[in-house]
2 protein chains.
Amino acid sequence: MSDKWVYLFKEVDKAEEKTGSWGGARSLLGGKGANLGEMTRIGVPVPPGFTVTTEACNAYLEAGEEFPPGMWEQELEAMKAVEELTGKKFGDPENPLLVSCRSGAVFSMPGMMDTVLNIGLNDETAARMVELTDDPRFVYDAYRRLVHMFGSVVLNIDDEEFEHPLDSYKKEKGYKLDTEMNAEDWQALTETYKAVIKKEMGFDFPQDPYEQLKLATEAVFKSWNGKRAIDYRNAAGIAHNLGTGVNIQTMVFGNMDNSGTGVAFTRNPATGENVVWGEYLMNAQGEDVVAGIRNASDVNEMKNDLPQAYADFLDVCAKLEKHYREMQDVEFTVENGKLWMLQTRDGKRTAKAAVQIAVDMVGEGLISKEEAVLRIKPEQVDTLLHPQFIIEEKSAAKAAGKMFATGVNASPGAAVGRVYFDADTAEAKAKEEGQDVIMVRPFTKPDDVHGMLAAKGILTSEGGATSHAAVVARQFGIPCVVGASSVRIDMEKRQFTAGDITVKEGDYISVDGASGEVFLGQIEASAPSLEEQTDLLTLLGWADEISATEGIRQAPEGWPTRGLQVWANADYPEDARRARSYGAKGIGLCRTEHMFFEPERLPIVQRMILADSSEERTKALDELLPFQRTDFDGLFEAMTGLPVIIRLIDPPLHEFMPDEHALLEEVIENRIKGTVDQDKESLLSSIEAMHESNPMMGLRGIRLSVMMPEIVSMQVRAIFEAAADVKLRGFEPHPEVMIPLTGHVNELKLIQPKLEEIAKAVMEEKGVEFAYKFGTMIEIPRAGLTADQVAEEAEFFSFGTNDLTQFTFGYSRDDAERNFLVKYVEDGILPKNPFQTIDRDGVGQLMKLTVEKGRGTRLNLECGICGEHGGDPNSIDWCYQIGLNYVSCSPFRVPIARLAAAHAALEHRA
Amino acid sequence: MSDKWVYLFKEVDKAEEKTGSWGGARSLLGGKGANLGEMTRIGVPVPPGFTVTTEACNAYLEAGEEFPPGMWEQELEAMKAVEELTGKKFGDPENPLLVSCRSGAVFSMPGMMDTVLNIGLNDETAARMVELTDDPRFVYDAYRRLVHMFGSVVLNIDDEEFEHPLDSYKKEKGYKLDTEMNAEDWQALTETYKAVIKKEMGFDFPQDPYEQLKLATEAVFKSWNGKRAIDYRNAAGIAHNLGTGVNIQTMVFGNMDNSGTGVAFTRNPATGENVVWGEYLMNAQGEDVVAGIRNASDVNEMKNDLPQAYADFLDVCAKLEKHYREMQDVEFTVENGKLWMLQTRDGKRTAKAAVQIAVDMVGEGLISKEEAVLRIKPEQVDTLLHPQFIIEEKSAAKAAGKMFATGVNASPGAAVGRVYFDADTAEAKAKEEGQDVIMVRPFTKPDDVHGMLAAKGILTSEGGATSHAAVVARQFGIPCVVGASSVRIDMEKRQFTAGDITVKEGDYISVDGASGEVFLGQIEASAPSLEEQTDLLTLLGWADEISATEGIRQAPEGWPTRGLQVWANADYPEDARRARSYGAKGIGLCRTEHMFFEPERLPIVQRMILADSSEERTKALDELLPFQRTDFDGLFEAMTGLPVIIRLIDPPLHEFMPDEHALLEEVIENRIKGTVDQDKESLLSSIEAMHESNPMMGLRGIRLSVMMPEIVSMQVRAIFEAAADVKLRGFEPHPEVMIPLTGHVNELKLIQPKLEEIAKAVMEEKGVEFAYKFGTMIEIPRAGLTADQVAEEAEFFSFGTNDLTQFTFGYSRDDAERNFLVKYVEDGILPKNPFQTIDRDGVGQLMKLTVEKGRGTRLNLECGICGEHGGDPNSIDWCYQIGLNYVSCSPFRVPIARLAAAHAALEHRA
């Protein structure tokens with residue numbers, strides 16, 4: 001058989017030729033082998049060696065553990081070539097060539113054979129090497145390592161059989177550290193190890209170097225089908241027919257004179273600074289650095305110890321970066337002043353470093369802006385914008401047992417403050433006493449919002465990632481952990497317990513909204529800001545450019561653009577200003593009902609709801625009108641020149657009323673005590689009359705407007721009066737009125753024209769004109785299924801994917817996570833929480849259908865998303881694919897979304 | 001212009017030729033004109049005449065109220081032809097031809113011009129006719145009618161101007177009846193009427209017969225654009241450009257010697273008996289019969305009075321039936337012994353008559369079985385199966401002001417009984433005292449079922465057509481009215497009020513579940529049964545034949561059949577037997593949870609739910625197993641040879657627990673009184689922990705099984721143990737296990753294999769084998785959207801359209817009707833209540849997609865529907881169109897569904 005089974009490192013070209021690509025060469029040689037070849041090819045000093053291919057591995061396993069014909073002969077030839085390259089000879093006591101043997105599959109995976117070093121040593125070469133080097137300790141240390149590794153790794157003898165004799169030996173001698181072992185000690189131990197092999201295997205440690213090589217090669221092949229490796233591949237979804245390569249490489253020794261070894265990054269992986277960063281040790285072997293046996297030095301100190309090697313090292317780093325176009329994580333050894341590179345791979349780094357490196361590399365001409373943008377994961381940006389607990393402080397707190405609960409990581413960021421259990425106290429403590437407050441509740445409701453806004457952080461014992469607390473927290477960038485189910489709140493005692501820990505009102509806790517962890521006491525945090533992060537701003541600017549140009553390039557026939565803009569959800573002018581400063585190109589959702597909950601307005605709202613007649617209702621609404629107008633005025637001014645989508649009232653009216661349960665208790669108590677309060681009694685019956693079995697599917701949104709059109713009439717008047725005023729002050733308002741919860745086009749046909757009339761009337765009254773739109777949310781599956789009809793009226797669609805997911809799955813947002821959804825995700829029934837990431841197969845398909853049907857009726861239909869998914873990168877990718885015009889998310893997630901949008905545009909380039 | 005504007009009755013062929021069809025001729029001539037032509041064509045004696053076309057009307061109106069060129073000339077020619085046919089002459093005093101003028105559009109509609117009779121009379125012809133007939137009273141009666149009708153109908157003078165003088169005249173003379181008026185009186189009144197015209201119009205009543213004809217023709221044309229006609233057309237969706245025809249017909253007089261007039265049906269319209277049925281009066285004009293001035297005689301008595309005319313009449317009736325192939329409703333006049341037919345049209349009839357006539361006509365060879373089946377509306381069958389209030393009794397009760405409320409007609413049938421307000425009392429009164437009970441509740445819950453089953457009728461003040469009360473009532477055929485919102489129940493006083501009426505416990509009321517009306521006291525009802533209705537059984541047999549043959553004929557390529565079978569929803573053996581006797585071909589839904597509510601089981605169920613450990617739960621389930629096995633045993637035996645779909649537990653567990661609200665009140669009361677009951681306290685906290693904000697979207701169905709697999713394991717064991725036992729007794733069980741509420745195929749992948757293992761284990765234990773299926777309900781929109789995936793596991797789909805509608809619309813079934821849905825339907829926002837009739841555009845499209853996707857994965861996927869819609873004819877039609885295999889409905893609706901299924905097959909014949 002004429003197949004080529006073995007490639008010298010310098011033959012990587014041939015592997016590429018044979019397979020037709022670099023990827024093919026990687027598959028054939030495995031990652032490590034290909035990379036060693038690649039370094040060799042570009043002239044980086046790599047100790048010579050060769051790779052036995054993954055195909056050889058497969059052939060060996062298929063043939064029932066027999067080398068394929070010709071393979072061993074090729075291995076022997078390759079060894080000859082290495083001998084020529086090194087001037088040493090394998091098995092020759094006069095000038096022995098020692099090699100290492102390492103596995104190397106395409107994907108690195110656990111369970112594969114560990115390294116065997118110093119192959120080629122035997123009693124004879126060892127003895128001769130002692131004479132040659134005059135360093136018996138070095139030689140016998142190397143020899144005992146070979147016998148140990150060979151025994152445990154190649155022959156599968158329990159590692160304990162080797163560790164135990166070493167421990168006993170040191171104990172006997174009174175040594176504490178391996179460094180105390182001298183040449184005789186290592187020699188003695190080598191003999192002991194050989195005896196272990198004889199005892200366990202029934203044969204001697206092979207003295208023949210070629211026998212060593214053969215057995216090591218086979219051991220690597222066999223390890224491909226080891227149980228751990230198979231399990232891992234099954235779990236990770238890696239194919240079982242890839243096979244592993246075997247890398248045989250000349251040993252180099254840093255533990256000699258004028259020698260050393262180190263690990264380093266070509267740039268600072270924590271900050272991104274363009275300076276080589278790492279550690280090295282003089283007179284040491286690679287594993288010594290990792291093991292931390294001696295204190296390692298800054299790699300840049302090599303300049304003094306090994307000036308030539310250092311200069312070479314910097315050159316190699318630059319070369320590698322230029323070649324790989326990425327920061328590298330390298331291992332190297334200096335042997336007698338000569339630098340040898342043993343490994344290179346892309347280096348891991350912090351988010352901050354990732355951004356700086358990407359931006360720097362564009363400046364250095366190493367990579368394009370597109371590549372820079374693609375290198376930063378959107379979620380990495382998130383960590384750059386929220387305060388973070390300092391890693392070490394958090395680790396210390398964990399070690400000290402201060403972590404008392406975990407929950408759903410609902411809104412990222414670190415918060416430290418004193419615990420308060422109700423919104424009023426929380427607000428008072430924060431505002432009046434200037435305390436940092438953590439609001440702790442079983443769950444939150446709209447009338448808790450003033451307390452939440454005053455808090456630094458929020459912790460709830462119930463609810464999931466889209467519970468009220470979570471949504472509000474993300475909206476306002478407040479760190480929040482929800483559904484911490486071990487927390488049991490006792491409102492009467494004003495304390496909570498978690499396990500055996502009790503936290504009283506006023507005690508400090510620390511809430512990590514990014515990880516979902518909650519701690520006793522105060523942990524130190526650091527807080528970055530977007531304005532200061534110039535590299536990030538640069539990167540986001542590029543992302544926007546890409547979105548715009550790719551959007552135009554990829555636009556389907558007849559569309560102006562496919563560009564996915566990023567808008568923000570904002571209810572108040574302050575949020576809108578922040579959103580704009582974070583790069584939002586519009587407001588995709590302003591929730592008007594938040595405005596109804598403000599303390600001075602709520603009583604008017606309640607009077608409006610309880611009104612017996614349309615007149616009485618209109619009277620209350622007339623009082624609310626100026627408030628709403630003021631709300632909108634600021635919003636339009638802040639967003640001048642950009643669209644602002646205002647959603648008309650959505651929640652069921654009972655949300656604005658006092659809690660039924662508490663009122664009931666009070667009323668019953670009064671009745672029993674004989675102190676009946678008629679007002680409370682009648683309030684209770686009103687609230688009871690409003691009770692709905694399933695309020696999420698109840699009298700809300702446009703249904704409410706059909707039954708009670710006065711409220712939205714007031715709102716539309718307020719919107720257009722505000723817009724007119726703003727226009728008259730010289731700004732450019734672009735109001736878009738969004739009608740929620742449409743299920744049938746006839747609902748719009750009834751309501752929308754009446755509202756449009758109000759809009760026109762106001763503009764006429766004020767003598768001013770401006771563009772506006774009327775549209776609808778798509779939250780009801782039926783609206784999506786009949787989008788062709790709905791688009792006859794609606795000028796825009798905005799996917800309310802929270803509710804759309806809720807109805808499409810039939811999952812109550814309020815309960816699902818607590819009751820079954822967490823388990824569903826844990827058990828893999830659902831790949832992801834559909835309230836966090838759009839379920840593409842179900843909800844996503846419905847969205848796609850909706851856009852297609854809607855644009856079939858109205859080609860220029862503006863389509864966007866304002867649900868929580870608008871800030872989720874995976875969901876943003878889907879939004880791009882189905883051709884939405886924008887995603888709208890919390891202001892704090894706008895930078896993430898900008899990056900994700902650019903990623904989507906790049907991912908889907910034809 | 002050479003257009004033909006006027007057609008003699010005998011020229012109907014020409015109209016057909018010109019337009020190319022009989023339908024075209026009808027459009028051209030209007031319904032009345034075409035029918036008079038048709039009768040003329042087939043040789044039925046019709047007084048000669050002609051029709052001015054609808055096109056002429058349109059041309060007249062378009063030209064600004066001018067006759068189109070040539071039209072009037074054609075009318076004059078047609079009049080000459082009529083003169084020739086009759087031998088009389090229009091306007092000739094010696095032998096005057098008198099004619100009537102009537103409008104006649106394609107659709108009959110209110111607001112069109114009424115009839116004008118006796119055109120052609122004037123002072124001169126009247127005077128000469130008196131001489132010729134020697135009957136001055138007859139002549140002046142006719143003349144005064146002409147002047148009156150002409151004045152009011154043609155000249156639009158207020159009718160009161162003519163009625164008033166007649167009343168005054170009679171008063172003055174001391175007459176009570178018109179019959180007391182003699183010739184002189186009528187002559188005098190004619191003069192008075194002429195004066196009225198002169199006074200109102202400023203001109204004289206036209207003496208020129210042609211002038212009379214012309215004005216009458218114009219008046220008919222103009223009436224097309226009268227306000228009432230336009231309003232009606234707008235409301236009924238009739239096009240405004242159809243126009244009306246004008247029919248001019250020779251007058252015949254029944255008020256002469258040897259003359260008479262009558263109205264009749266060719267068969268008995270109440271019973272369907274094949275005997276001419278109707279009334280006639282000797283010496284009278286048509287309107288006298290209708291006005292009931294004298295007591296009319298049975299039309300068959302004409303045999304004695306006018307034997308030849310009677311014989312001719314029977315011949316004509318037979319001829320008309322043979323021609324029209326339908327029972328006819330006719331008007332006729334006998335003038336001097338000669339029979340003239342004035343009108344024929346399809347006769348209205350009762351449901352009972354409709355069935356008998358259709359079946360008889362098949363026997364007589366008049367129509368095919370298909371036609372017979374198509375002639376009965378499915379809803380008509382409904383009225384044949386439920387007890388009905390006797391119409392006259394109900395009318396009398398209304399007249400007496402006894403109807404005190406109306407609500408949703410939730411379950412048809414008439415029920416009379418005494419009012420009781422809770423299930424226990426209702427059951428006790430019914431069982432122990434044998435009373436007829438009407439259970440009255442605000443709404444019902446599963447634990448009210450025992451009271452409902454014991455009741456003759458149910459009335460609720462809340463809830464809609466698919467509320468619990470409605471569903472249960474229909475399921476068990478109990479007359480039921482829900483959502484009677486005027487009814488206010490006072491549980492403390494044990495009474496309810498509706499307006500100013502108060503009904504105390506024990507009082508009688510009568511509930512009409514077909515109309516939604518509720519009455520004080522007892523109204524008499526009559527109760528038919530299917531077995532006795534042989535004609536209906538024959539018809540349903542034909543319907544089944546048609547479904548089967550059309551199903552095979554219309555099956556798409558590769559499908560075994562498109563046949564839509566009718567299955568039934570049945571929980572108990574007794575229901576199953578009834579369903580089978582009503583023609584059900586399987587059980588499409590057996591709800592296992594009803595079985596959990598039975599009093600002896602409920603405590604075990606509650607213990608199971610509250611169990612702290614899986615062991616404790618399994619122990620309780622072991623106790624339930626024998627109960628469930630017995631339930632299923634009877635069901636399989638009753639349905640031997642046919643499929644029985646059993647749904648595993650579906651509702652949230654808290655439905656099996658005591659009412660939280662009531663318990664809370666009790667606990668609070670105890671707390672305040674200091675008599676704390678620890679069991680109640682802990683029960684309350686357990687129930688509170690189970691509380692869900694939106695239970696419809698909560699922990700139900702397969703979600704429950706994922707979290708708590710023990711329950712369904714028990715159920716599947718019970719199903720298969722029962723089936724095995726039944727099989728061993730020699731029956732043929734075909735169990736199909738239905739898993740509810742699937743939203744993601746992974747749910748099925750987790751649960752279904754475990755249940756299939758239990759099935760196999762039981763069959764092995766029992767040493768018996770039989771076919772079975774595992775499948776799922778399609779209730780969650782996502783399951784439909786991903787049906788291709790779901791069908792990988794599920795062997796059948798059953799649409800749970802109640803929930804599917806609920807989620808697709810985002811309407812809570814429990815609240816929607818009360819809160820907005822009734823208004824939505826009333827205002828036409830929704831064309832129909834989607835919980836009663838499938839919403840084809842939304843839910844229906846989703847169903848279609850589901851079937852297509854499901855069959856794409858599994859060609860022989862059994863698809864059916866078990867929601868409430870399965871018994872609704874309109875929905876059944878849709879189910880046929882999308883290719884379902886069966887519809888399953890309440891046993892009582894099986895006959896309706898069988899007929900509807902055949903209709904669908906016939907409607908969609910290629």
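Residues numbered from 1 in each chain as written. Chains lettered and ligands numbered in written order. Predicted model: local features only at pLDDT ≥ 70, side-chain atom pairs only at ≥ 80, totals over all residues. Heavy atoms only, no water.

**Side note on the overall build of chain A**
This is how the line gets drawn: Going along the chain from the N terminus, every DSSP run of H or I of four or more residues is numbered as a helix, and every run of E of two or more is numbered as a strand. Note on classification: 1.4 Å probe, protein chains only; a residue is buried when its accessible area is under 20% of the maximum for its type, exposed when over 50%, partly exposed between these limits. Pairs of residues are marked as contacts when any of their non-hydrogen atoms sit within 4.5 Å. Only four residue types enter the tally: Lys and Arg on the positive side, Asp and Glu on the negative side; His and the chain ends are excluded. Where a charge lies is defined by one atom per residue type, namely NZ (Lys), CZ (Arg), CG (Asp) and CD (Glu).
Per the secondary structure count, chain A includes 37 helices and 31 strands. With respect to the three principal axes, the spread of C-alpha positions in chain A is 110 × 70 × 55 Å. Within chain A, the proportion of its 910 residues that are buried is 57%. In chain A, the proportion of contacts linking residues at least 24 apart, taken out of those at least 6 apart, comes to 68%. Here chain A contributes 94 positively and 146 negatively charged side chains, and the mean placements of these two sets differ by 2 Å.

**Here's the deal with helix H9 (residues 209-223) of chain B**
Here is the rule we go by: Expected helix span is computed as 1.5 Å times (number of residues minus one). Pairing of N or O atoms within 3.5 Å defines a polar contact, subject to two protein rules: one partner must be a possible hydrogen donor and the other a possible acceptor, and residues neighboring in sequence count only if both atoms are side-chain atoms.
Here H9 of chain B contains 15 residues, and its C-alpha end-to-end distance of 21 Å stays within 8% of the 21 Å for a straight helix at 1.5 Å per residue. Where H9 of chain B begins, the capping side chain belongs to Asp208 of chain B, and its oxygen is found 2.9 Å from the backbone nitrogen of Tyr210 of chain B.

**Here's the deal with the confidence of the model for chain A**
We apply this condition: Confidence of the prediction at every residue is given by pLDDT, a number between 0 and 100.
Of the residues in chain A, 98% reach a pLDDT of 70 or more, and the chain-wide mean stands at 91. In the model output, the complex is listed with pTM 0.81 alongside ipTM 0.80.

**A closer look at the state of the cysteines**
Residue and element names in this part refer to chain A. Filter applied, for reference: Here, the term disulfide refers to a pair of cysteine sulfur atoms separated by no more than 2.5 Å.
The final tally for this structure, using the stated rule, is zero disulfides over all chains. Free cysteine: Cys480, not disulfide-bonded; nearest cysteine sulfur from Cys889 at 17 Å. Cys866 forms no disulfide, and the closest cysteine sulfur to it belongs to Cys879, at a distance of 11 Å.

**Some remarks on the packing of aromatic side chains**
Residue and element names in this part refer to chain A. Formally: Under the pairing criterion, centres of Phe, Tyr and Trp rings, with the six-membered ring standing for Trp, must be within 6.5 Å; the plane angle then separates stacked pairs below 30 degrees from edge-to-face pairs above 60, leaving the rest tilted.
If you walk through the whole model with that rule in mind, you get 48 aromatic pairs over all chains. Ring geometry for Tyr60 versus Phe221: centroids 5.1 Å apart, planes at 45 degrees, classification tilted. Within this pair, whereas Tyr60 is found in helix H3 (residues 54-62), its partner Phe221 is found in helix H9 (residues 209-223), the two being separated by 161 residues in sequence. For the pair Tyr60 and Phe221, a shared accessibility class is recorded, and that class is buried.

**Remarks on the relation of the copies chain A and chain B**
Selection rule: To superpose the copies, least squares is applied to the C-alpha atoms of every residue with a pLDDT of at least 70 in both.
Rotating chain A by 180 degrees and moving it 0.3 Å along the rotation axis overlays it on chain B with an RMSD of 0.4 Å. The superposition operator between the copies reduces to a two-fold rotation axis. Ranked by how close their C-alpha atoms come to the rotation axis, the residues of chain A are headed by Asn694 of chain A, at 2.2 Å. Of the interface residues in chain A, 100% have counterparts in chain B that sit at the interface too, so the contact is made through matching surfaces.

**Looking at the nonpolar core**
Threshold: By nonpolar core we mean a set of buried residues, namely Ala, Val, Leu, Ile, Met, Phe, Trp, Tyr and Cys, connected to one another through side-chain atoms within 4.5 Å.
If you look at the biggest cluster of nonpolar residues, it comprises 295 residues, and the most contacted ones within it are Met847 and Leu884 of chain A together with Met847 and Leu884 of chain B. Those residues within four positions of Met847 of chain B in sequence are excluded, and the remaining contacts are Phe799, Thr801, Leu804, Ile838, Ile865, Trp878, Cys879, Ile882 and Leu884 of chain B. Trp5, Phe67, Tyr193 and Ile248 of chain A belong to the second largest nonpolar core, which has 69 residues in total.

**Description of the sheet that holds strand S22 (residues 501-504) of chain B**
Residues and elements named next belong to chain B. To keep things clear, this is the line we draw: Any two strands between which DSSP finds at least two bridges are classified as paired. To define axes, lines are fitted to C-alpha atoms, for helices over the stretch in contact only, and angles between the resulting N-to-C directions are given on a 0 to 180 degree scale.
Read across the open sheet, the three strands follow the order S20-S21-S22; overall the sheet is antiparallel. In this open sheet, the two edge strands, each paired with only one partner strand, are strand S20 (487-490) and S22. The average angle at which neighbouring strand axes cross in this sheet is 20 degrees, direction not considered. Pairing geometry for strand S21 (residues 495-498) and S22, over four bridges, is antiparallel.

**Topic: the packing of helix H26 (residues 660-673) of chain B against helix H27 (residues 678-690) of chain B**
Helix packing geometry: the angle between the two helix axes and the distance between the axes. Residues and elements named next belong to chain B. Heads up, the condition is: Just so you know how the angles are binned, under 35 degrees is roughly parallel, over 145 roughly antiparallel, 65 to 115 roughly perpendicular, and the rest oblique. Should the near helix be turned counterclockwise from the far one by less than a right angle, the crossing is left-handed, whereas a clockwise turn marks it as right-handed. Note that Gly is not counted as nonpolar here; it falls among the polar residues with everything else outside the nonpolar set of Ala, Val, Leu, Ile, Met, Phe, Trp, Tyr, Cys and Pro and the charged set of Asp, Glu, Lys and Arg.
Packing of H26 against H27 brings their axes to within 10 Å, and their N-to-C directions diverge by 140 degrees. For the element pair H26 / H27, the angle class is oblique. As H26 packs across H27, the resulting crossing turns out to be left-handed. Listed contacts from H27 to Glu660, Leu663, Leu664, Glu666, Val667 and Arg671 of H26 are Lys680, Glu681, Leu683, Leu684, Ile687 and Glu688. Residue classes in the contact of H26 with H27 are distributed as six nonpolar, no polar and six charged.

**Considerations on the interface of chain A and chain B**
Put simply, the rule is: Buried area, as used here, totals the accessible surface that two parts lose on assembly, with accessibility defined by a 1.4 Å probe and the loss added over both. Salt bridges are identified by distance alone: a Lys or Arg side-chain nitrogen within 4 Å of an Asp or Glu carboxyl oxygen.
Facing the 54 residues of chain A at the interface are 54 residues of chain B. Carbon and sulfur atoms supply 60% of the area that chain A and chain B bury against each other, a total of about 4800 Å² over both sides. Connecting chain A to chain B are two salt bridges. Between Arg782 of chain A and Asp839 of chain B there is a salt bridge whose closest N-O contact spans 2.6 Å. In this assembly, chain A and chain B are joined by 29 residue pairs in polar contact (both at pLDDT 80 or more). Across the side of chain A that touches chain B, the residue classes break down as 24 nonpolar, 16 polar and 14 charged.

**Overview of the pairing of strand S7 (residues 244-250) of chain B**
Residues and elements named next belong to chain B. Counted residue by residue, S7 has seven buried out of seven residues, so it is predominantly covered. In terms of strand pairing, strand S2 (residues 49-52) meets S7 through four bridges, oriented antiparallel. Pairing of Gly49 across the sheet is with Gln249, part of S7. Bridge count for strand S5 (residues 99-105) against S7 is seven bridges, and the pairing is antiparallel. Looking at the pairing, Ala105 lines up with Thr244 of S7.

**A closer look at the pattern of salt bridges**
The final tally for this structure, using the stated rule, is 129 salt bridges over all chains. The salt bridge involving Glu517 of chain A is made with Lys398 of chain A; its shortest N-O contact spans 2.8 Å. Of the two residues, Glu517 of chain A sits in strand S22 (residues 517-520) while Lys398 of chain A sits in helix H17 (residues 391-399), which places them 119 residues apart along the sequence. Overall, the relative accessible area of 39% leaves Lys398 of chain A in the partly exposed class. Salt-bridge contacts for Glu161 of chain B lead to Lys199 of chain B; the nearest nitrogen and oxygen are separated by 3.7 Å. Residue Glu161 of chain B is located in helix H7 (residues 160-173), and its partner Lys199 of chain B is located in helix H8 (residues 183-201); the two are separated by 38 residues in the primary sequence.

**Quick notes on the sheet that holds strand S3 (residues 99-105) of chain A**
All names here are of chain A. Sheet architecture is open: five strands sit in the order S1-S2-S5-S3-S4, paired in antiparallel fashion. The strands lining the two open edges of the sheet, one partner per strand, are strand S1 (6-8) and strand S4 (116-119). Recorded for the sheet is a direction-independent mean angle of 25 degrees between the axes of neighbouring strands.

**Let's talk about the environment of Ile838 of chain A**
Residues and elements named next belong to chain A. Inspection of the secondary structure assignment puts Ile838 in the loop between helix H34 (816-826) and helix H35 (840-857). Ile838 sits 40 residues away from Trp878 along the chain, and the two C-alpha atoms are 7.9 Å apart. Contacts of Ile838, omitting those with residues within four sequence positions, involve Thr801, Gly844, Met847, Ile865, His869, Asp872, Ser875, Trp878 and Cys879.

**A closer look at unusual backbone geometry**
If you check the backbone angles, Asn156 of chain A has positive phi at about 65 degrees while not being a glycine. With respect to the helices and strands, the residue Asn156 of chain A is situated in the loop between helix H6 (136-154) and helix H7 (160-173).

**Here's the deal with the side chain of Ser259 of chain A**
Residue and element names in this part refer to chain A. The topology assignment puts Ser259 in the loop between strand S5 (244-250) and strand S6 (260-265). The exposure class assigned to Ser259 is buried, which follows from its relative accessible area of 0%. Within the structure, Ser259 has its side chain in polar contact with the backbone oxygen of Asp257 (distance 2.8 Å). Among all residues touching Ser259, those that are not within four sequence positions of it are Phe253, Gly254, Met282, Asn283, Val334, Glu335 and Asn336.

**A look at a negative patch on the surface**
Heads up, the condition is: Residues with no salt bridge and a relative accessible area higher than 30% make up the patches, which join like charges within 9 Å and nonpolar side chains (Val, Leu, Ile, Met, Phe, Trp, Tyr) within 5 Å. Using the Shrake-Rupley algorithm and a 1.4 Å probe, accessible areas are obtained, with residue cover drawn only from the displayed protein chains.
A surface patch of negative charge is lined by Asp158, Asp159, Glu160 and Asp167 of chain A. Positionally, Asp158 of chain A belongs in the loop between H6 and H7.

**Observations regarding helix H24 (residues 602-610) of chain A**
One turn of an α-helix holds 3.6 residues; hence residues three or four places apart share an orientation. Stated precisely, the cut-off is as follows: In this context, the arc is that of the directions from the helix axis out to the C-beta atoms.
Listing the buried residues of H24 of chain A in full gives Leu602, Ile604, Val605, Met608 and Ile609 of chain A. Taken end-on, H24 of chain A shows its buried residues confined to a sector of 160 degrees, consistent with a single buried face.

**With respect to the pairing of strand S11 (residues 328-335) of chain B**
Residue and element names in this part refer to chain B. S11 sits mainly inside the fold: seven of its eight residues count as buried. Taken together, the six bridges between strand S8 (residues 260-265) and S11 define a ladder with antiparallel strand orientation. Its bridge partner being in S11, Ala264 is matched across the sheet by Val330. Both S11 and strand S12 (residues 338-346) contribute to a ladder of eight bridges, which runs antiparallel. From the neighbouring strand, Glu335 faces S12, where its bridge partner is Lys338.

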